[in-house]
Amino acid sequence: MRAIVGLGLLLSIAAATAPVHAADVTLLNVSYDPTRELYKDLDAAFAAQWKAKSGDTVTINQSHGGSGKQARSVIDGLEADVVTLALAYDIDEIADKAKLLPATWQKRLPNNSTPYYSTIVFLVRKGNPKGIHDWNDLVKDGVGVITPNPKSSGGARWNYLAAWGYATKTLGAAKAKDFVTKLYHNVPVLDSGARGSTTTFVERGQGDVLLAWENEAYLATHEAGGDKFEIVTPSVSILAEPPVAVVDKNVEKHGTAKVAEAFLRYLYTPAAQEIIAKDFYRPRDPAVAAKYAGAFKNLQLFTIDRNFGGWTKAQTAHFADGGLFDQIFEAAKR
Amino acid sequence: MIVLLPLSAIFIKTAGLGWREFVAVALSRRALAAYRLSFGAAALAAAINAVFGLLVAWVLVRYDFAGKRVVSALVDLPFALPTAVAGIALTALYAPNGWIGSLLPFKVAFEPVGVVVALTFIGLPFVVRTVEPVLADLGADVEEAAASLGAGRWTTFRRVVLPAVLPALVTGFALAFARGVGEYGSVIFIAGNLPFRSEIAPLLIVQQLEQYNYRGATAIAATMLTASFAILVAINLLQAWDRRKMAAL
Amino acid sequence: MKTTAEPGWLRWLLIAAALGFLGINLALPLAQVFAGALAKGIAVYRAAVVEPDAVAAMRLTLTVAAIAVPLNIVFGLAASWAITKFDFPGKAMLISLIDLPLSVSPVVSGLIYVLLFGLQGWAGPWLREHDIRIVFAVPGIVLATVFVTFPFVARELIPLMLEQGRSDEEAARSLGATGWQTFRRVTLPNIRWGLLYGVLLCNARAMGEFGAVSVVSGHIRGLTNTLPLHIEILYNEYNYVAAFAVASLLAGLALVTLVAKSVLEWRFGDAIAGGGH
């Protein structure tokens, strides 16, 4: 009985806190961890531009967390107007499990719906004492590699696949599993998220090399003061595409379809691309890319679609229960 | 009630899983290793807390010293500090470049020992706070009687004080243990999270969720719940039996 | 009296051992938090604490505690009353059930509410149709907090009420008092200190809860971020100083309640001693 009264009370609170549709528009952007700094700038720039264009005031609320966790929250009812996540697989799941947007969402915006891209690079301690220059240096004895667990972190899957892709390319597909097993044998701490790994490497002094998104590596050197770490760009790495999408069912409900769409389109404009490049993501716009060419080293990039047959396939083969990643750790313990 | 209704959701969700799948997820070798670490570290931490918690409670109840009130308030700190903050602070302390870690000849953070350290921190108030009232309640007269009968201080403690506080101590142990088994926030920072080595069971739940496998997650949760519930019931039954025995005397 | 006291050296040894253990296990982590918070000076500390998102998070945390704690006082009183004043089979089972939220991983505590009220859950579609938000909004945070802090009041009261027995209530009833009168005039005064203690612990835990709340909050900055979640965000922004500053604030909030308890104990020390009969 008391429980029912309590529940009734909570429901009435729920009703009281439900949003009121005012003239001013509010968007909810559900994003992943490393984009906080990026969207802080982009949101403000877009709001100013939208105000000048339509006279409406738009407020963009931000939610950040692990990419998979954020996708789950949207599936379970977090009413995101737009999602900007670490990998397409997470948005695929929103389309598949909750049917909040069509399965073909990735075709709706240019460049696979990714207004910016990045890649996986190495962060090493100043002076590069272990002489780490490419992927094959990571499997040497006595090298400590810091990378998060691909089973609990979306970003870490890019790291893992980048290593796998390098091995396939240089050693052949048959040797890839062996190479990656050796690499993970050198991992002393397997954090649950990308930022946890960065902290373990930067603050706790663990390991000799951190596998990280390029933008994260730049940010970490920036925050820690440039004299403690160096960025090493390997000969080949993976094209990491963090996609964006409008969540159709939610914008329908909120009546925000137009502004949500405009926000994502805005990300492709030169003004936004400038901000993107300044926050260490690689811009898509050729002019902006040329301007910042000095900041981003050229390297050979392979893609998830061409080399791994897309996310769904990579996910089942590598990261599902009993998949290759699990086998690697099983083997290490036997 | 408030506990049962939400918890039933776990079991109903798990029931959607076939038996074979359940075994594959919840009883895999990796899961078993994680249970061993979670339950083992929780038991060890609770045991450490039982010893030192009793000591702290004894000192707080029986002795007077400067700053006692501050110390007493400090005991509740682990309740108040968010577990993530506790985890970050402990990791910073015990990491090889931390205040304590740099003094120790062996590694604590990022090793299974780190899990025990975190769980000891989390569980201490449970033991101290359950033992304290009983110790305070225990009159000096019984001890005096024992002493007048010629019992030494140690004998008095062992024969008179210990049996009296034992039920409370066991309750404290049980609570600290129960809390330790499920603890996530503080542990993930300080454990190395390596499968088979320093990976705790709650982390496996998170990983199942990350694969959008809610059923797998609830399967592990249900297994852990059943085990902790069985242990808690055993402890509480033991206590009820003990109380009846005491009453009969 | 002297016969029941330990020799001086042993007494000091025990005190030293206890303080040493507490020092390493509790004081050092706390010191680490404050050291981190003040690493860049007091100005940076102040800026982190008065920042609008931090203030919004604090307001939410206090609101949640203000709803969850009274609810748990009612639930805890009811549960411990039922357990200690009546006999029924399966009592040990019920006590264990009360302990259970402690052993449930906080992640799971949050997950169960998502399973119940989430869009893919049982009540989800209906709730969405009626535009009622439970998970990823304040009600979900409150529910998760209530669940996690449920054991504290009950757990504090049960041993106390067991020890006190039923004789006082039975006497009151035989003198013609109604159930409610008995509760208000006899039971409540007897247990008030235990109750206060349970409330303080419950409150401290309610403000500090992280895992369960993290699952149901939605992490919307300035809207559904509690203080512990705000700390995590700051930490993940590599803003370690601000993270520790807000953490020290939270520890401070909790310590205030704990110090309040100590003061109460001290001022009414005789009343407590007498209150337990």
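For the structure, check the block above.
Small disclaimer: the values here were computed from a predicted structure and weren't measured. (Residues numbered from 1 in each chain as written. Chains lettered and ligands numbered in written order. Predicted model: local features only at pLDDT ≥ 70, side-chain atom pairs only at ≥ 80, totals over all residues. Heavy atoms only, no water.)

Observations regarding the pairing of strand 6 (residues 209–213) of chain A
Residue and element names in this part refer to chain A. Burial analysis of strand 6 places 5 of its 5 residues in the buried class, which makes it a mostly covered element. With 5 bridges joining them, strand 4 (residues 116–125) and strand 6 adopt antiparallel strand pairing. Following the sheet pairing, Phe122 is matched in strand 6 by Leu211. Bridge count for strand 5 (residues 145–146) against strand 6 is 2 bridges, and the pairing is parallel. Across the sheet, the residue bridging to Ile146 is Leu210, located in strand 6. (Buried < 20%, exposed > 50% of the residue type's maximum accessible area, 1.4 Å probe, protein only. Helix = DSSP H or I, 4+ residues; strand = E, 2+ residues; numbered from the N terminus. Pairing = 2+ DSSP bridges.)

Things to note about the interface of chain C and chain A
When the parts of a complex come together, some accessible area is lost, and that lost area is often taken as the interface size. Contacts between the two partners involve 32 residues from chain C, matched on the other side by 42 residues from chain A. In total, about 3300 Å² of surface goes out of reach between chain C and chain A, with carbon and sulfur atoms giving 60% of it. On the chain C side of the interface with chain A, the three residues burying the most area are Arg128(C), Arg133(C) and Tyr238(C), jointly 22% of the side's total. At the boundary of chain C with chain A, the tally comes to 1 salt bridge. Where Arg133(C) meets Glu79(A), a salt bridge forms, and the shortest distance between an N and an O atom there is 3.1 Å. Those elements giving two or more residues to the side of chain C that touches chain A turn out to be helix 3 (52–85), helix 5 (106–117), helix 7 (138–164), helix 10 (211–217) and helix 11 (227–236) of chain C. Counting residues per element, the side of chain C that touches chain A draws most heavily on helix 3 of chain C, at 4 residues. Within the side of chain C that touches chain A, the residues separate by chemical class into 21 nonpolar, 6 polar and 5 charged. (Contact = heavy atoms within 4.5 Å. Buried area = accessible area lost by both parts, 1.4 Å probe. Salt bridge = Lys/Arg side-chain N within 4 Å of Asp/Glu carboxyl O. Nonpolar A, V, L, I, M, F, W, Y, C, P; charged D, E, K, R; others polar.)

Looking at the side chain of His64(A)
Tracing the backbone shows His64(A) in the loop between strand 2 (58–63) and helix 3 (67–75). Using a relative accessible area of 5% as the deciding quantity, one classes His64(A) as buried. Engagement of the side chain of His64(A) in a polar contact is seen with the side chain of Thr35(A), the distance being 3.4 Å. Polar contacts involving the side chain of His64(A) include one to the side chain of Gln62(A), which spans 3.2 Å. Non-local contacts of His64(A), meaning those with residues more than four positions away in its chain, are made with Ser31(A), Tyr32(A), Asp33(A), Thr35(A), Arg36(A), Gln70(A) and His219(C). (Polar contact = N/O pair within 3.5 Å; in protein donor to acceptor, adjacent residues only side chain to side chain.)

Comments concerning unusual backbone geometry
Residue Asn112(A) is not a glycine yet carries a positive backbone phi of 60°. With relative accessibility at 34%, the residue Asn112(A) sits in the partly exposed group. The backbone of Phe110(B) shows a phi angle near 70°, a positive value even though the residue is not glycine. In this structure, Phe110(B) sits in the loop between helix 6 (83–94) and helix 7 (112–137). Look at Phe110(B) and you get buried, because its relative accessible area is 1%.

Quick notes on the interface of chain C and chain B
Across the boundary between the two partners, chain C contributes 72 residues, which contact 74 residues of chain B. Carbon and sulfur atoms supply 79% of the area buried between chain C and chain B, which totals about 6900 Å² over both sides. The interface formed by chain C and chain B holds 0 salt bridges in total. Along the contact surface separating chain C from chain B lie 0 residue pairs in polar contact (both at pLDDT 80 or more). Those elements that place two or more of their residues in the side of chain C that touches chain B are helix 1 (8–37), helix 4 (91–103), helix 5, helix 7, helix 9 (179–208), helix 11 and helix 12 (240–267) of chain C. The biggest single contributor to the side of chain C that touches chain B is helix 1 of chain C, with 19 residues. Considered class by class, the residues forming the side of chain C that touches chain B number 56 nonpolar, 9 polar and 7 charged.

Re the environment of Ala144(C)
All names here are of chain C. Mapped onto the elements of the fold, Ala144 is located in helix 7. Under the relative-accessibility criterion, Ala144 is labelled buried at 0%. Along the backbone, Ala144 and Arg166 are 22 residues apart, and their C-alpha atoms lie at a distance of 34 Å. Excluding its chain neighbours within four sequence positions, the residues that come into contact with Ala144 are Tyr113, Ala212 and Val216.

Regarding the pattern of salt bridges
Going through the model one piece at a time under the given rule, you end up with 24 salt bridges over all chains. When the shortest N-O distance is used, the salt bridge between Glu241(A) and Arg284(A) registers 2.8 Å. Linking Glu241(A) in the loop between strand 8 (236–240) and strand 9 (244–246) with Arg284(A) in the loop between strand 10 (282–283) and helix 13 (286–291), this pair joins segments that are 43 residues apart in sequence. Since its relative accessible area comes to 12%, Glu241(A) is described here as buried. Sharing partners across several salt bridges, the network here consists of Lys151(A), Asp321(A), Asp326(A), Arg30(B) and Glu199(B).

Spatial relationships are all this shows, so hold off on functional conclusions.
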